[in-house]
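So you can see what is in the structure, the chains are spelled out below.
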Amino acid sequence: MTKSGAEVAKLPLNEIVRGDCIDVMNALPEASVDLIFADPPYNLQLGGTLHRPDNSRVDAVDDDWDQFASFEAYDSFTKAWLAAARRILKPNGAIWVIGSYHNIFRVGAALQDEGFWILNDVVWRKTNPMPNFKGKRMTNAHETMIWAGRDRSAKPTFNYDALKALNEGTQMRSDWTLPICSGHERLKTEEGGKAHPTQKPQSLLHRVLVGSTNPGDVVLDPFFGTGTTGAVAKMLGRDFIGIERDEGYIKVAKKRLSMIRSYEKAALEVTTSKRAEPRVPFGQLVERGLLRPGETLVNPKGEVAKIRADGTLATKTLKGSIHQVGAALDGAPSCNGWTYWSFVRDGQRVVIDSLRQQIRSEMS
């Protein structure tokens, strides 16, 4: 499951590649990845050790990977990894980058400078944030994610209706209220400490991947850490590529991923927009013999119209499509003929949309 950056000869699906993310991404095939989720170093610039009011030490982010000599050094690093990331994205690919106030504004500017097209920023509001122990500032209760297309012409995957369904039928907003990683989800070292100081919750990645990828898509995480992106991708039937240089994190991620099982295929289907479904003209029902020329359709008021050979309808005074005739009979500006008209089988009325859905199921 683990390779070094120098050993990447083809797309290493569902593997962790050990190495510097810039070198590894530059070695991957161009335009080969559907989505990138990046949780880069935040460059927190912590000034000394943090303690709680009881004088216990706070396990803060003070690792070497989050240390940069200057803002210029951080900007140079950001520019380099974003350029490598953009090269491997497919034409309609997209990227999510998460950060705090320490770095996200610099990352946002770099994204635009590199040619990415920002689609949304999302505020992740934490229900259980870590308090500000020094009491000199407000509690940092949120992080910001930027969602951007590869360029302005890109048309990234956006499962609008699936996100709406996740939100109980209400359009998904750009402020997400979710808890930080804690309890049984928080991975521990053998000594009982945090395996990673900034482990992201699975709920966050679930929402990102359901909303902006489809089963079978390739999701790359250049700062893989303990593998939350890979774990959620595997559960949701997506392929992942993880890049990580810390052997300790890789060890934890490999153990975690070995215990993950994908959901069954049927469970991965999500709500789709009606506009995304294949177009089926009413005339196709006639061509295929599902309805016959001369057969009668009936509307909710019991009025009838006869089907003609070209897929239009006719009454004694009207001629036109299923939508035009329905609208004229009701004196309405428009009409959805698919749900308006029914045919009769065995004495029962059946809406003609059932036949359209039959054809769609065959097409898929």
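Residues numbered from 1 in each chain as written. Predicted model: local features only at pLDDT ≥ 70, side-chain atom pairs only at ≥ 80, totals over all residues. Heavy atoms only, no water.

Naming follows an unreviewed UniProt entry, where the protein chain appears as Methyltransferase of Palleronia abyssalis. The annotation that UniProt attaches to the protein chain under Sequence similarities (unreviewed entry) is "Belongs to the N(4)/N(6)-methyltransferase family." Looking at the Catalytic activity (unreviewed entry) heading of the UniProt record, one finds this comment for the protein chain: "a 2'-deoxyadenosine in DNA + S-adenosyl-L-methionine = an N(6)-methyl-2'-deoxyadenosine in DNA + S-adenosyl-L-homocysteine + H(+)". (UniProt positions renumbered as here; feature names shortened; annotations may be inferred.)

**Student:** What is the right way to read the pattern of salt bridges from this model?
**Tutor:** Side chains that differ in sign of charge can pair as their charged atoms come close. Tallied over the entire structure, the rule returns 15 salt bridges. Of the charged contacts in the structure, one is a salt bridge between Glu 295 and Arg 292, with a shortest N-O distance of 4.0 Å. Given the relative accessible area of 10%, Glu 295 is considered buried. A salt bridge links Lys 301 to Asp 330; its shortest N-O distance comes to 3.1 Å. Of this pair, Lys 301 sits in the loop between β10 (296-298) and β11 (304-307) while Asp 330 sits in helix α9 (residues 322-330), and the two are 29 residues apart along the sequence. We classify Lys 301 as exposed; its relative accessible area is 53%. (Salt bridge = Lys/Arg side-chain N within 4 Å of Asp/Glu carboxyl O. Buried < 20%, exposed > 50% of the residue type's maximum accessible area, 1.4 Å probe, protein only. Helix = DSSP H or I, 4+ residues; strand = E, 2+ residues; numbered from the N terminus.)

**Student:** Is there a simple way to think about the nonpolar core in this case?
**Tutor:** Grouped burial of nonpolar side chains is what soluble globular proteins tend to show. Counting residues in hydrophobic clusters, the biggest one holds 35 residues, and the most contacted among them are Trp 96, Met 145, Trp 176, Leu 204, Val 208 and Leu 209. Ranked by residue count, the leading element in this core is helix α5 (residues 202-212), at 5 residues. Discounting residues that sit within four places of it in the chain, Leu 209 has contacts with Leu 35, Val 219, Thr 229, Val 232, Ala 233, Leu 236 and Arg 238. (Core = buried A, V, L, I, M, F, W, Y, C linked by side-chain atoms within 4.5 Å. Contact = heavy atoms within 4.5 Å.)

**Student:** Just checking my understanding: could you explain the pairing of strand β15 (residues 348-351) for this structure?
**Tutor:** On a regular strand, each side chain points to the face opposite its neighbour's, so the side chains alternate between the two faces of the sheet. Pairing geometry for strand β14 (residues 342-345) and β15, over 4 bridges, is antiparallel. What sits directly across from Ser 342, in β15, is Val 351. (Pairing = 2+ DSSP bridges.)

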